[in-house]
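# Observations on chain architecture
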Amino acid sequence: MTVVALVAFVMIIGIGGIVSVVRRTRRSADSVAAGLNLLEIELDRRRAVIPDLVRAAVDADLDRAAVNQLVGARSLSAMMRDRRAELGARAGAENALSVALHEVLFDGRASGPLGWDFSSPATELDRIEHRVAGAVRVYNTQASTLAALADSPLS
């Protein structure tokens, strides 16, 4: 009878461990999905504000090549999102958009004081870029936690 009780005890502990790992995995997967959703929201906000900056940059006679590059990078970013490209390809498009955006912002700020038409979207885009960077950190942290959990021996 003691062998049966020992086997039952080991099985209960094993089932409890499996349930714990499943809950942790689900919670971690939900956190990764929430982090990706947060990132998508901020990237959509950035794409929505860029046309205001482009109009102000054209009105301020900023470097037309930089403005055209920003418009093209925004189009590429939107196309990659609409096509639901892989995360690596989308990240590359978003990085290209960030580079083009910072180029226009730098040119605008270096050319001297510009009006509210440029300053308002530029300030908003600065804030959005900080939130994007934070959302990327959250997503990467949660994704690495999920990957470590998937590599653990219990899972």
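Figured I'd write up the structure that's included with this text. (Residues numbered from 1 in each chain as written. Predicted model: local features only at pLDDT ≥ 70, side-chain atom pairs only at ≥ 80, totals over all residues. Heavy atoms only, no water.)

### What about the nonpolar core?
The condition that has to hold: What we call a nonpolar core is a set of buried Ala, Val, Leu, Ile, Met, Phe, Trp, Tyr and Cys residues that are connected through their side-chain atoms within 4.5 Å. Using a 1.4 Å probe on the protein chains alone, a residue whose accessible area is under 20% of its type maximum counts as buried, one over 50% counts as exposed, and one in between counts as partly exposed. The secondary structure listing takes helices from DSSP runs of H or I that are at least 4 residues long and strands from runs of E that are at least 2 residues long, numbered from the N terminus. Residues count as neighbours in contact if any of their non-hydrogen atoms are within 4.5 Å of one another.
With 24 residues, the main nonpolar core has Ile-50, Leu-53, Leu-70, Leu-101, Val-104 and Phe-118 as its most contacted residues. Breaking this core down by element, the ones donating at least two residues are α1 (2-59), α2 (64-82), α3 (87-110) and α4 (116-151). At eight residues, the largest contribution of residues to this core is made by α1. In contact with Leu-53, other than residues within four places in its own chain, are Leu-70, Leu-101, Val-104, Leu-105, Phe-118, Pro-121, Ala-122 and Leu-125.

### Describing α1
Which entries qualify depends on this criterion: What a helix should span is 1.5 Å times the count of its residues minus one. Bend angle per residue: angle between axes fitted to the 7 residues ending at that residue and the 7 residues starting there.
Taking 1.5 Å per residue as the helical rise, α1 with its 58 residues ought to reach 86 Å, and the 86 Å between its terminal C-alpha atoms agrees with that figure. Residue Val-49 marks the point of greatest curvature in α1, where the axis turns by about 25 degrees; the proline Pro-51 follows within four residues. After α1 finishes, the residue Asp-61 shows a positive phi value of roughly 55 degrees.

### Description of the packing of α1 against α3
For the record, the criterion: With axes taken as lines fitted to C-alpha atoms, and helix axes fitted only over the stretch in contact, angles between N-to-C directions fall between 0 and 180 degrees. Definitions for this section: a left-handed crossing has its near helix turned counterclockwise from the far helix by less than a right angle. A right-handed crossing has that turn clockwise. Residue classes follow a fixed rule: Ala, Val, Leu, Ile, Met, Phe, Trp, Tyr, Cys and Pro count as nonpolar, while Asp, Glu, Lys and Arg count as charged, and any other residue, Gly among them, counts as polar.
Close contact between α1 and α3 brings their axes to 11 Å; oriented N to C, the two are set at 35 degrees. Crossing angle aside, the handedness with which α1 passes α3 is left-handed. Across the interface between the two elements, Leu-36, Glu-40, Leu-43, Arg-46, Arg-47, Ile-50, Leu-53 and Ala-57 from α1 touch Leu-87, Arg-90, Glu-94, Leu-97, Ser-98, Leu-101, Val-104 and Leu-105 from α3. Grouping the amino acids of the contact of α1 with α3 by side-chain chemistry returns 10 nonpolar, one polar and five charged.

### Here's the deal with the pattern of salt bridges
What counts, and what does not: In what follows, salt bridge is the name for a side-chain nitrogen of Lys or Arg lying within 4 Å of a carboxyl oxygen of Asp or Glu.
Per the stated rule, a full pass over the model turns up 13 salt bridges. Salt-bridge contacts for Arg-131 lead to Glu-42; the nearest nitrogen and oxygen are separated by 2.9 Å. Of the two residues, Arg-131 is situated in helix α4 and Glu-42 in helix α1; the sequence distance between them amounts to 89 residues. For Arg-131, a relative accessible area of 32% translates into the label partly exposed. Classification of Glu-42 as buried rests on a relative accessible area of 4%. We note a salt bridge from Glu-124 to Arg-127, for which the minimum N-O separation is 3.8 Å. Taken together, the positions of Glu-124 and Arg-127, both in helix α4 and three residues apart, correspond to about one turn of that helix.

### Here we look at the side chain of Arg-46
To keep it simple, the criterion reads: Each polar contact in these results corresponds to two N or O atoms within 3.5 Å; when the atoms are within protein, one needs to be able to donate a hydrogen and the other to accept it, and residues that are neighboring in sequence are counted only if both atoms are side-chain atoms.
You can see Arg-46 is positioned in helix α1. Looking at Arg-46, the relative accessible area reads 1%, which means it is buried. Within the structure, Arg-46 has its side chain in polar contact with the side chain of Glu-94 (distance 2.4 Å). A distance of 2.6 Å separates a polar atom in the side chain of Arg-46 from a polar atom in the side chain of Glu-129. For Arg-46, the residues in contact, after removing those within four places along its chain, are Glu-94, Leu-97, Ser-98, Leu-101, Leu-125, Ile-128 and Glu-129.

### Things to note about unusual backbone geometry
Despite not being glycine, Asp-61 shows a phi value in the positive range, around 55 degrees. Mapped onto the elements of the fold, Asp-61 is located in the loop between α1 and α2. Relative accessible area serves as the criterion here: at 68%, Asp-61 is assigned to the exposed category. In the Ramachandran plot, Arg-84 falls in the positive-phi region, its phi being about 55 degrees despite a non-glycine side chain. Looking at where Arg-84 falls in the secondary structure, it is placed in the loop between α2 and α3.

Function cannot be read off these values alone, since they describe shape.
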